Amino acid sequence: MTKDEFLQFLRDPDVCKEIFEIVKKGGKPAVVAPQVQPQQKFSSIADKLKTVYPNANAPQIQPQPAPQIQPTPQPAQPPKNNAPKGSGSLADKLKFLRGHLDKVREEEQIAAAKAQEKSPAEKYTVISNRRCPICEKDTRVVKTKSRINVEKRDLDYCIHYKDFDPYLYTVLTCEHCGFAAEEKKFSGAWPNKLKETLREFLKQNDMKFPFVEERNAEDALSLFELAILFSEMTDQSKGRQAILNLNAAWVCRCEGFADRERDFMEQAAVDFEVALENERWPINGISDDMATYLCAAIYFLINEYDKSTTWLGRIMNNANLRATAPKLFEQARDMWQDIKRANKA
Ligand SMILES: [Zn+2]
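Described in the following lines is the structure provided in the data block. (Residues numbered from 1 in each chain as written. Predicted model: local features only at pLDDT ≥ 70, side-chain atom pairs only at ≥ 80, totals over all residues. Heavy atoms only, no water.)

**Brief notes about the overall build of the chain**
Move 1: Broken down by element type, the chain carries 14 helices and six strands.
Move 2: For the chain, with 345 residues in total, the buried portion stands at 32%.
Move 3: Within the chain, contacts between residues at least 6 apart in sequence are counted, and of these 59% link residues at least 24 apart.
Move 4: By element, 52% of the accessible surface of the chain is carried by carbon and sulfur atoms, the whole surface being about 22800 Å². (Helix = DSSP H or I, 4+ residues; strand = E, 2+ residues; numbered from the N terminus. Buried < 20%, exposed > 50% of the residue type's maximum accessible area, 1.4 Å probe, protein only. Contact = heavy atoms within 4.5 Å. Areas by Shrake-Rupley, 256 points an atom, 1.4 Å probe, with all protein chains shown as cover.)

Structure representation (structure tokens):
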């Protein structure tokens, strides 16, 4: 058969109908073709078709209208299985398998990306070495990196960072003897007498905190308590203890430990009051004006407005402060207005 004859053959309505039937039945001929002799000759295409498909003109079966089924309440269905049914075509099965493979590959890529993603502690901390001032051995310590995204600042200078809390790492500790202190004190010089006091104490009391790269809030709070204890045993600086208590309160605030936060805040306020009366400032980089402001801010945040007002009065009455620390003066004035509003409410 030539190409033209074949195209003419395809245009024949009977042939079209027959092809439609074949496709409808999944590729199987609608009628069984008789055995045709290879050498058999036909007078025309119609003659050939009549011989090959003798019942090709069989009347078309009209589709029956679907019977009306009344909806009945259905029990809860189990989750649908998206897999093709056993009787689905090869194309359907391939489509399902391709879709499934794409999904598996996508899940693998997400898992691999997650595995490579660093935890906040890995991103924002670094391990370095320090010489312990008490046992004088080199110890690993975890330090925070400087670039961390700030989310907001509270009245008492507590900074909330986006996905990391650097206050967890404020206290450094020695993995050999268990001494703990904030950076400035850990790296500073210690009088021999105080060193001896602590060495003796640490020899008799095992206070070693195991080295961990990633601290949780409980680890951090224990270390704050240790640092405060060692301060009480040695320098007895209420200024240092006030700052440590305030930093511990910030850890509690970031973690949502409201009751413990209040305990640390109250202790910080009392320590600041004592230190402002008796100690020489600055302490750990904090001036006496700033400590006065912090004392007022702590009392404000724990709703003790009278005490807050007393400490704010000291700042507002300091004639030089407007010139020497205008920002601090403005912050104190704003807090004064907040207290007036709170008292009216
Ligand atoms: Zn040590």
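**Some details on the side chain of Lys195**
Move 1: Tracing the sequence through the fold places Lys195 in helix 7 (residues 192–204).
Move 2: Residue class for Lys195 comes out buried when judged on its relative accessible area of 13%.

**Digging into empty space enclosed by the protein**
Move 1: For the structure shown, the criterion picks out one cavity of 30 Å³ or more.
Move 2: Approximately 60 Å³ is the volume found for the largest cavity.
Move 3: Lining the largest cavity are Arg140, Val141, Val142, Thr173, Phe209, Pro210, Phe211, Val212, Arg215 and Leu223.
Move 4: Per-class residue counts for the lining of the largest cavity are seven nonpolar, one polar and two charged. (1 Å grid on protein atoms, 1.4 Å probe; cavity = no way out; pocket = protein on both sides within 12 Å on 5 of 7 lines; lining within 4 Å. Points joined across faces, edges and corners; volume = space filled by probe spheres on them. Nonpolar A, V, L, I, M, F, W, Y, C, P; charged D, E, K, R; others polar.)

**A word on the coordination of the zinc ion**
Move 1: Listed as protein donors to the zinc ion are Cys132 (SG), Cys135 (SG), Cys174 (SG) and Cys177 (SG); their distances from the metal cover 2.2 to 2.3 Å.
Move 2: Coordination at the zinc ion is tetrahedral: its four donor atoms span angles of 105 to 117 degrees at the metal.
Move 3: Along the chain, the residues that donate to the zinc ion are spaced as C-x2-C-x38-C-x2-C. Residue Cys132 is found in the loop between strand 1 (125–131) and strand 2 (138–144), and its partner Cys177 is found in the loop between strand 5 (171–173) and strand 6 (180–182); the two are separated by 45 residues along the sequence. Of the two residues, Cys132 and Cys177, neither departs from the other in class, the shared state being buried. (Donors = N, O, S within 2.8 Å, 3.2 Å for Na, K, Ca; no water. Tetrahedral: all angles 85-135°; square planar, octahedral: opposite > 155°, others 65-115°.)

**Describing the layout of surface pockets**
Move 1: By volume, the largest pocket is sized at about 570 Å³.
Move 2: If you go around the largest pocket, you meet 23 residues; those closest to its centre are Tyr167, Thr170, Glu182, Ile243 and Asn247.
Move 3: The set of elements that each furnish at least two residues to the lining of the largest pocket consists of strand 2, helix 6 (183–187), helix 9 (238–255) and helix 11 (288–301).
Move 4: The element that contributes the greatest number of residues to the lining of the largest pocket is helix 9, accounting for five residues.
Move 5: Partitioning the lining of the largest pocket into residue classes produces 14 nonpolar, four polar and five charged.

**Comments concerning the nonpolar core**
Move 1: With 73 residues, the main nonpolar core has Ile134, Phe179, Leu246, Phe272 and Trp281 as its most contacted residues.
Move 2: Ignoring anything within four residues of it in the chain, the contact list for Trp281 reads Gly239, Phe272, Ala275, Leu276, Ile286, Ser287, Asp288 and Ala291. (Core = buried A, V, L, I, M, F, W, Y, C linked by side-chain atoms within 4.5 Å.)

**Focus on the pattern of salt bridges**
Move 1: Using the criterion set out here, one finds 23 salt bridges in the structure.
Move 2: The closest approach of N and O atoms between Glu175 and Arg140, which form a salt bridge, is 2.8 Å. Taken together, the residues Glu175 in the loop between strand 5 and strand 6 and Arg140 in strand 2 connect sequence positions 35 residues apart.
Move 3: Relative accessible area serves as the criterion here: at 22%, Glu175 is assigned to the partly exposed category.
Move 4: A salt bridge links Arg260 to Glu218; the shortest N-O distance between them is 3.0 Å. Remark: Glu218 occurs in helix 8 (residues 217–233) and Arg260 occurs in helix 10 (residues 258–278); sequence separation between them is 42 residues.
Move 5: By relative accessible area, Arg260 is classed as partly exposed at 32%.
Move 6: Shared partners join several salt bridges into a network, and the residues in it are Lys152, Asp154, Asp156, Arg253 and Glu261. (Salt bridge = Lys/Arg side-chain N within 4 Å of Asp/Glu carboxyl O.)

**Some thoughts on unusual backbone geometry**
Move 1: A cis amide bond links Trp281 to the next residue, Pro282, at an omega of 5 degrees.
Move 2: One non-glycine residue, Glu136, lies in positive phi territory at about 65 degrees.
Move 3: The partly exposed category is assigned to Glu136, whose relative accessible area is 41%.
Move 4: The phi dihedral of Asn303 is positive, around 65 degrees, even though this residue is not glycine.
Move 5: For Asn303, the location among the structural elements is in the loop between helix 11 and helix 12 (305–316).
Move 6: Taking relative accessible area as the criterion, Asn303 reaches 53% and is therefore assigned exposed.

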